[in-house]
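Below are the chains, spelled out letter by letter.
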Amino acid sequence: MFSHSPGPIGIFDSGYGGLTILHGIRQRLPEYDYMYLGDNARAPYGSRSFEVVYQFTRQAVLKLFDMGCQLVILGCNTASAKALRSIQQRDLPEWDPDRRVLGIIRPTAEVIGNLTTSRHVGLLATPGTILSGSYELEIAKLFPDIRLSGVGCPLWASIVEAGEADSPGADYFVKKRIDMLLRKDPDIDAIILGCTHYPLLMNSIVTHVPPGVRIIPQGEYVANSLRSYLDRHKSLESMLTRGGGCQYLTTESEEKFSETARIFLHEQVNVKHVDLG
Ligand code: DGL
């Protein structure tokens, strides 16, 4: 069904957020080729049902496989929380048992124990990720002594998708949710940005988080975890092309994507429109 030649590493997100993961991964693993897919036409995913996020994510993974990727990273917490397990257990064995799809919640949970002293950790994420309970589950398995408090931020990803990350309106909504989180647990000393769109709001986030509280974006940790995964899975690694290139795909207009992506990546990107489903 799919080609068995080496291909790029696919990175998928509902929209622009996964660019923060792509950036972290390319910094750490610059030698590979990448293919980024943003489902911008249907973003945000954060308030959508389990079934819809699963169907959309499944279509995106199929598209990346079809375009030659042997490995796909869900650079989206909402998709990792709601679709990863079904794709790994239900779809992959049927599609092609040699291909891999990895998420980004587990790699974040794995490092959190080293990033908190008070053992009180905050989570800012989409309502879907918060409701899924995936972070509680993963962290409890690894660090049962950590108390996690989460707050859903329904508007943040939409603000980023609209290119309004540095506006006064964005600042108002960022402050509101951070205050809510710190009221929930004043002993928090580390906050996970559990949505890949949120590092794009960092200018505002840092002004509302008290000194001494660590802000944790995921890019670097996901990249380290991928490095170690590839070191342990040599046959998959041998199916990755090397060249340092990146092809961008969007379900929205090419002009809109390249204009907004340029703001985040500080470089001109070569993007192609694709349809999913
Ligand atoms: N960036 C995604 C995440 O990490 C999803 C944001 C959205 O589409 O609502 O959860």
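A brief structural summary. (Residues numbered from 1 in each chain as written. Predicted model: local features only at pLDDT ≥ 70, side-chain atom pairs only at ≥ 80, totals over all residues. Heavy atoms only, no water.)

Another aspect to go through is the packing of aromatic side chains. The relative placement of two aromatic rings is captured by the distance of their centres and the angle of their planes. Counting across every chain of the model gives 10 aromatic pairs. Taking 4.7 Å as the distance between ring centres and 65° as the angle between the ring planes, the aromatic pair formed by Trp156 and Tyr198 counts as edge-to-face. Pair noted here: Trp156 is in helix H8 (residues 156–161) and Tyr198 is in the loop between strand E7 (190–193) and helix H10 (202–208), with a separation of 42 residues, a long-range link. Grouped by ring-pair contacts, the aromatic residues Tyr16, Tyr36, Tyr248 and Phe257 constitute a single cluster. Seen from the ring of Phe56, Arg42 lies directly overhead, with NZ or CZ sitting 3.6 Å from the centre. Sitting over the ring of Phe65, Arg99 keeps its end group 5.2 Å from the ring centre. (Phe/Tyr/Trp six-rings, centres within 6.5 Å; stacked < 30°, edge-to-face > 60°. Helix = DSSP H or I, 4+ residues; strand = E, 2+ residues; numbered from the N terminus. Lys NZ or Arg CZ within 6 Å of the ring centre and 35° of its normal.)

Pairing within the open sheet is parallel, and its 4 strands lie in the order E6-E5-E7-E8. Taken across any chain shown, the strands that pair with only one partner, and hence form the sheet edges, are strand E6 (147–152) and strand E8 (214–216). With direction set aside, neighbouring strand axes in the sheet form an average angle of 20°. The pairing of strand E5 (residues 120–125) with E7 spans 4 bridges and is classified as parallel. Paired with Gly122 across the two strands is Ile191, which belongs to E7. (Pairing = 2+ DSSP bridges. Axes fitted to C-alpha atoms, helices over the stretch in contact; angles between N-to-C directions.)

Looking at the ligand, there are 13 residues lining it, with Ser14, Tyr45, Gly46, Thr78 and His197 nearest. Contact between the ligand and Asp13: a nitrogen atom at 3.1 Å from a side-chain N or O atom of the residue. Between Tyr45 and the ligand, the recorded distance is 2.6 Å, taken from a backbone N or O atom to an oxygen atom. When isolated, the ligand has an accessible area of 300 Å², and the protein chains bury 99% of it. Considered class by class, the residues forming the shell around the ligand number 5 nonpolar, 7 polar and 1 charged. (Near = heavy atom within 4 Å. Polar contact = N/O pair within 3.5 Å; in protein donor to acceptor, adjacent residues only side chain to side chain. Areas by Shrake-Rupley, 256 points an atom, 1.4 Å probe, with all protein chains shown as cover. Nonpolar A, V, L, I, M, F, W, Y, C, P; charged D, E, K, R; others polar.)

This part is about the packing of helix H1 (residues 18–28) against helix H11 (residues 219–232). Two elements in contact, H1 and H11, have axes separated by 8 Å at closest approach and are oriented at 50°. The pairing of H1 with H11 is recorded here as oblique in orientation. The element H1 and its partner H11 pack so that their crossing is right-handed. Counting all contacts with H1, which are made through Thr20, Ile21, Gly24, Ile25 and Arg28, the residues of H11 involved are Gly219, Val222, Ala223, Asn224, Leu226 and Arg227. Of the residues that constitute the contact of H1 with H11, the class distribution is 5 nonpolar, 4 polar and 2 charged. (Parallel < 35°, antiparallel > 145°, perpendicular 65-115°, else oblique. Left-handed = near helix turned anticlockwise from the far one by under 90°. Contact = heavy atoms within 4.5 Å.)

Attention shifts here to unusual backbone geometry. For the bond from Ala43 to Pro44, the omega torsion is 0°, close enough to zero to count as cis. Positive phi, close to 55°, is recorded for His266, a residue that is not glycine. By the secondary structure assignment, His266 is in the loop between helix H13 (254–265) and strand E10 (271–273).

Considered for burial, the residues of helix H5 (residues 105–112) that qualify are Ile105, Pro107, Thr108, Ala109 and Ile112. Contact partners of the buried residues in H5: helix H3 (77–82), E5, helix H7 (134–142), E7, E8 and H11. (Buried < 20%, exposed > 50% of the residue type's maximum accessible area, 1.4 Å probe, protein only.)

The next subject is the packing of H5 against H7. Running from N to C, H5 and H7 point in directions that differ by 45°, and their axes come no closer than 9 Å. For the element pair H5 / H7, the angle class is oblique. Both H5 and H7 take part in a crossing whose hand is right-handed. From H5, Ile105, Arg106, Thr108, Ala109, Glu110 and Ile112 reach across to H7, where they touch Ser134, Tyr135, Glu138, Ile139, Lys141 and Leu142. Taken together, the residues of the contact of H5 with H7 sort by class into 6 nonpolar, 2 polar and 4 charged.

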